[in-house]
Structures are given as C-alpha cells and as structure tokens.
Amino acid sequence: MCAFKSIEEAREFFKNDKFATNTGVRIDELDNDSCQCSLEINDGHKNGLGGVMGGVMFTLADFSFAVLSNHLHFPTVAQQVSVNYLNAPKGEKLIARAICKKNGRSSSIINVDVVDDTGRDIVQFVGTGFKL
C-alpha cells in the first residue's frame, strides 16, 4: 500500500523539504514503484569552475530517493547511499528517475539514475531506506 494517495499529496508533503525545494527540485511523476523528479539548472547551481555543483546533483537524486521510499512506506529514512558522478551535465535540466529494486519488510533498495535533457548520463545513485 502506498503512503501518498496522489502526486499532489506527495508534493504537499515534500514542499516542507526546504533545501530541495529551494534548490528548485520538483516532483514530476509518481507511481507504485518509481518516481521522476527534475531541476532546471541556473547560475545558482554552479561551482567555482562553472559546472553544476556535485551537491546539487546529489540533492536531486536524494530527493527522488526520499519521495519514492516514503511513498512505499512512511516514514522511511536513508540508511546508506552511494553516488557515482558519471559526466558533467551539458543540458539545461536534470531529470532523476528512481526505481524500487527491493521493497522488504524493514528496508528498501532504490536506484536513481540522473540524466540531463540531452540524454547524457550524469549520476548513478543507490539508496537503502530504513523503514521506521
């Protein structure tokens, strides 16, 4: 049974995630075992070299993980995550697709792939959620 009855209910709950929402992350899609979140890149997301800050990309992936893991079971917190930065974004938008790989009794495993709007692979994120 999913925690949120609709994507609007999930958006209402996660608007309180101030860091991600103030960064510009939004929930685009949500279903029983996946979700998609996105972020329009702006100058406020850039590091000293002019690239997108790694923390911005992590925030998008982590937020997507949080939305899906808490949709599967509320409340769930991150127990362990790993992230691989694959390429620098070339586009103007980042898209994170979270997919549940395992939904167990006390934990969940969620893969999040982040691409830019050119289709370039940007981040590979794997999170383990601990169900409270």
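Up top you'll find the structure we're talking about.
Read on for a plain summary of the structure. As the structure is a prediction and not an experimental result, all values here were calculated from the model. (Residues numbered from 1 in each chain as written. Predicted model: local features only at pLDDT ≥ 70, side-chain atom pairs only at ≥ 80, totals over all residues. Heavy atoms only, no water.)

1. Some remarks on the overall build of the protein chain
Looking only at helices and strands, the protein chain features three helices and six strands. Element order for the protein chain, N to C, with α for helix and β for strand: α-α-β-β-α-β-β-β-β. For a compact globule of 132 residues, the expected C-alpha radius of gyration is about 14 Å, and the protein chain comes in at 14 Å, within 12% of that figure. At a minimum sequence separation of 6, the contacts of the protein chain that also span at least 24 residues come to 61%. Here the protein chain has roughly 7100 Å² of accessible surface; of this, 50% comes from carbon and sulfur atoms. A distance of 5 Å separates the average location of the 14 positive side-chain charges in the protein chain from that of its 16 negative side-chain charges. (Helix = DSSP H or I, 4+ residues; strand = E, 2+ residues; numbered from the N terminus. Rg over C-alpha atoms; globule rule 2.2 N^0.38 Å. Contact = heavy atoms within 4.5 Å. Areas by Shrake-Rupley, 256 points an atom, 1.4 Å probe, with all protein chains shown as cover. Lys, Arg positive; Asp, Glu negative; His and termini not counted. Charge placed at Lys NZ, Arg CZ, Asp CG, Glu CD.)

2. Overview of a nonpolar patch on the surface
A contiguous nonpolar surface patch, about 270 Å² in accessible area, is contributed by Val-77, Phe-130 and Leu-132. Following the sequence through the fold, Val-77 ends up in strand β3 (residues 76-85). (Patch = residues over 30% accessible without salt bridge, like charges linked within 9 Å, V, L, I, M, F, W, Y side chains within 5 Å. Salt bridge = Lys/Arg side-chain N within 4 Å of Asp/Glu carboxyl O.)

3. Details of helix α1 (residues 7-14)
For α1, the set of buried residues is Ile-7, Ala-10 and Phe-14. Buried positions in α1, seen along its axis, are confined to an arc of 60° and lie on one side of it. Those residues of α1 that are buried are in contact with α2 (18-23), β1 (26-30) and α3 (54-72). (Buried < 20%, exposed > 50% of the residue type's maximum accessible area, 1.4 Å probe, protein only. Arc of directions from axis to C-beta.)

4. Here's the deal with the pairing of strand β4 (residues 93-103)
Both strand β2 (residues 34-40) and β4 contribute to a ladder of seven bridges, which runs antiparallel. Paired with Gln-36 across the two strands is Arg-97, which belongs to β4. The antiparallel hairpin formed by β4 and strand β5 (residues 107-116) contains three residues in its connecting segment. (Pairing = 2+ DSSP bridges.)

5. Some thoughts on the nonpolar core
With 33 residues, the main nonpolar core has Val-112 and Val-114 as its most contacted residues. Element by element, the count of residues in this core is highest for α3, at ten residues. With near-sequence residues (within four places) excluded, Val-114 lies in contact with Leu-60, Ala-61, Leu-94, Ile-95, Ala-96, Arg-120, Asp-121, Ile-122 and Val-123. (Core = buried A, V, L, I, M, F, W, Y, C linked by side-chain atoms within 4.5 Å.)

6. Considerations on the packing of aromatic side chains
The geometry of an aromatic ring pair is captured by two quantities: the separation of the ring centres and the angle between the planes. In the structure shown here, the tally under the stated rule is eight aromatic pairs. Residues Phe-4 and Phe-14 carry aromatic rings whose centres are separated by 5.9 Å and whose planes lie at 65° to one another, so their mutual orientation is edge-to-face. Of this pair, Phe-4 sits in the segment before α1 while Phe-14 sits in helix α1, and the two are ten residues apart along the sequence. There is no split in this pair, since Phe-4 and Phe-14 are both buried. Summarising the aromatic geometry, the rings of Phe-65 and Phe-125 are spaced 5.9 Å apart at their centres and angled 50° between planes, so their arrangement reads as tilted. In this pair, Phe-65 is assigned in helix α3 and Phe-125 in strand β6 (residues 121-131), connecting sequence segments 60 residues apart. Judged by its relative accessible area of 2%, Phe-65 is buried. Given the relative accessible area of 1%, Phe-125 is considered buried. Site record: aromatic cluster; members linked through ring pairs are Phe-4, Phe-13, Phe-14, Phe-63 and Phe-74. (Phe/Tyr/Trp six-rings, centres within 6.5 Å; stacked < 30°, edge-to-face > 60°.)

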